[in-house]
Amino acid sequence: MYRIAVPDQKSKYRLAELANMFLPSSAYEFVVEPNSHESFDLVLETEEHSNRQKQIVYDFFTRETGRTLDWGILTGVRPVKLLSEMLQSRPVAEAAALLRQEYRVAKDKVDLLIEVYTTQKSVNFAEAPPAVGIYIGIPFCPTRCLYCSFPSNVISRDGSERYLSALYKEIEAVSDRIGKLGWHAESIYIGGGTPTSLDQAQLQELLRRVSQSIYSEHTREFTVECGRPDTIDVAKLNAIRQWGAERISINPQTMVDRTLERIGRSHNAQQIREAFSLASACGIPLINADLIAGLPGETAADFRYSLEQVFMLKPANITIHTLAVKKASRLIEEDQDYAFRTGNATAEMLADAGAALKKEGYRPYYLYRQKHMAGNLENVGYALPGTESLYNIRIMAEDQSIIALGAGGISKMYYPEENRLERIPNVSNYEIYIDRIDEMIQRKEKGIQ
Ligand code: SF4
């Protein structure tokens, strides 16, 4: 057991996150304000700033375990944003050297960041204000996945009806507010949950309201996340087209049937193929497919198989997620050290996928990280050139106000003059959201400015 003395609780919390990527939590201990007679493997002093502390701990564990981490000491969610900030005052080569030396980031991850940044620069954005992004959350799914940590609920007719009534009030209020300010929605994203777990009449009505009150001639992108292939049919897809959405997401996660069953998805790979054919037949111009690397029981060969199967479906966008095993998931109850144990295999899957995607003509265009990801890796969105999602780039760049409606939505108002973000949260439990809808609306009336 490694014993490390740290000056305060804050350092302990920050450094444990890093240590956990090298070793299971039972193999090290951080001690705050130790007695002078105790002995330690490493002692950190108060005056060291946080990055320096991380470097010391990183170098210590690298020496002790013989391992390095692809993302070095970076634990933040938005490394592309960090790179973009660095590039404001230095050339690319200098920023790359800084990431390598100060942050200990591996060369292929620095190259990936530069590639993502370069693709984003080639995307043609609307002028910032008065353009905003709009997110609408539908917190329902047909069943709950094994790894789910979202406040998503198994759909019921009564619950979804009451939820939609509250949501419609919020949609009207936000539409009025942005109209008064002379703003418009550059992008609209209906996500979840699984929005298409609503029944056909509910989805039709939701889309009608969004289209009539928020969509405008300035809107450049309208996405509906379908997620589960077993939630879509011709009528729902036609409604999506009718009301102006041109992007959907059908998310296989894997094309291996035994894994689909293991993770609690209520569909098989054949249904995924059928959903893609149906969407093409209904004239949906652009489909994204999500895959997850590091699912329970999967090998690199399984993941490669899924990717090849997805290539055959020809989606414009493919997003490669790394499984994140969070506290609220059923998986972590079954296996505490899952993310730590599967890190190496997952890293191999991601490297393999990146090369295969490039060969098929996809470019990485957005990237983010989460806590508790297998191997401390990343999620990367790939797109055929010209099909990148503005919404996905914007939400990671945090350079535009994104107004989030529905339970769990956290709006982020961006003030470019001060480069400042102001959050306006909605409550995440949908029953409480329904009860307190007037308060959610008041928060927005005050905060959207
Ligand atoms: S589809 Fe997504 S939100 Fe729904 S249960 Fe699965 S992981 Fe959770």
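In the block above lies the structure referred to throughout.
Everything quoted here is computed from the prediction, not taken from an experiment.

*Asks:* What exactly am I supposed to notice about the pairing of strand S8 (residues 221-227) here?
*Replies:* The two faces of the sheet receive side chains in turn, since in a regular strand these alternate between them. The element S8 is extensively covered by neighbouring structure, given that 7 of its 7 residues are classed as buried. Summarising the sheet, strand S7 (residues 184-192) and S8 pair through 4 bridges and their orientation is parallel. Following the sheet pairing, tyrosine 189 is matched in S8 by threonine 223. As for the winding sense of the linkage, the β-α-β connection from S7 through helix H7 (residues 200-213) to S8 is right-handed. Relative to strand S9 (residues 247-250), S8 runs parallel, the two sharing 4 bridges. Bridge pairing links valine 224 to isoleucine 248 in S9. Running through helix H8 (residues 234-242), the crossover from S8 to the neighbouring parallel element S9 is right-handed.

*Asks:* It is not clear to me how the packing of H7 against H8 should be interpreted in this structure. Could you clarify?
*Replies:* For the pair H7 and H8, the least separation of the axes is 9 Å and the interaxial angle reads 5°. One element, H7, and the other, H8, form an angle in the roughly parallel class. Of the residues in H8, those touching H7 at Gln200, Leu203, Gln204 and Leu207 are Ala235, Lys236, Ala239 and Ile240. Counted by class, the contact of H7 with H8 contains 5 nonpolar, 2 polar and 1 charged residues.

*Asks:* Explain the sheet that holds strand S1 (residues 2-6) to me, please; I cannot follow it from the model alone.
*Replies:* Two pairing modes exist for strands in a sheet, parallel and antiparallel, and in both the strands are linked by backbone hydrogen bonds. Overall, parallel pairing links the 3 strands, which are arranged S2-S1-S3 in an open sheet. If you trace the sheet from one side to the other, it starts and ends with strand S2 (28-32) and strand S3 (42-43), each paired once. Bridge count for S1 against S2 is 5 bridges, and the pairing is parallel. Pairing of tyrosine 2 across the sheet is with tyrosine 28, part of S2. On the sheet, helix H1 (residues 9-22) packs against S1 and S2 and is oriented at approximately 170° with respect to S2.

Quick notes on the rules
In this numbering scheme, every chain counts its residues from 1 along its sequence in written order. Note on the predicted model: pLDDT of at least 70 is required for a residue's local features to be given, and 80 or more for side-chain atom pairs to be given and counted; whole-chain, interface and lining totals, by contrast, use all residues. With C-beta atoms placed from the backbone, a residue is labelled by how many other C-beta atoms lie within 10 Å of its own: buried for 20 or more, exposed for 12 or fewer, partly exposed between the two. What counts as a helix is a DSSP run of H or I of at least four residues, what counts as a strand is a run of E of at least two, and both are numbered from the N terminus. DSSP-based pairing: two strands are paired if at least 2 bridges between them are found. If the strands point away from the viewer and the path from the first strand over the helix to the second runs clockwise, then the crossover is right-handed. Where helices are involved, their axes are fitted lines through C-alpha atoms of the stretch in contact, as for all axes, and angles between N-to-C directions lie from 0 to 180°. For classification purposes, angles smaller than 35 degrees are called roughly parallel, those larger than 145 roughly antiparallel, those between 65 and 115 roughly perpendicular, and all remaining angles oblique. Residue pairs are scored as contacts if the distance between their C-beta atoms, which are placed from the backbone, is within 7 Å. The classification used treats Ala, Val, Leu, Ile, Met, Phe, Trp, Tyr, Cys and Pro as nonpolar, Asp, Glu, Lys and Arg as charged, and all other residues, Gly among them, as polar.

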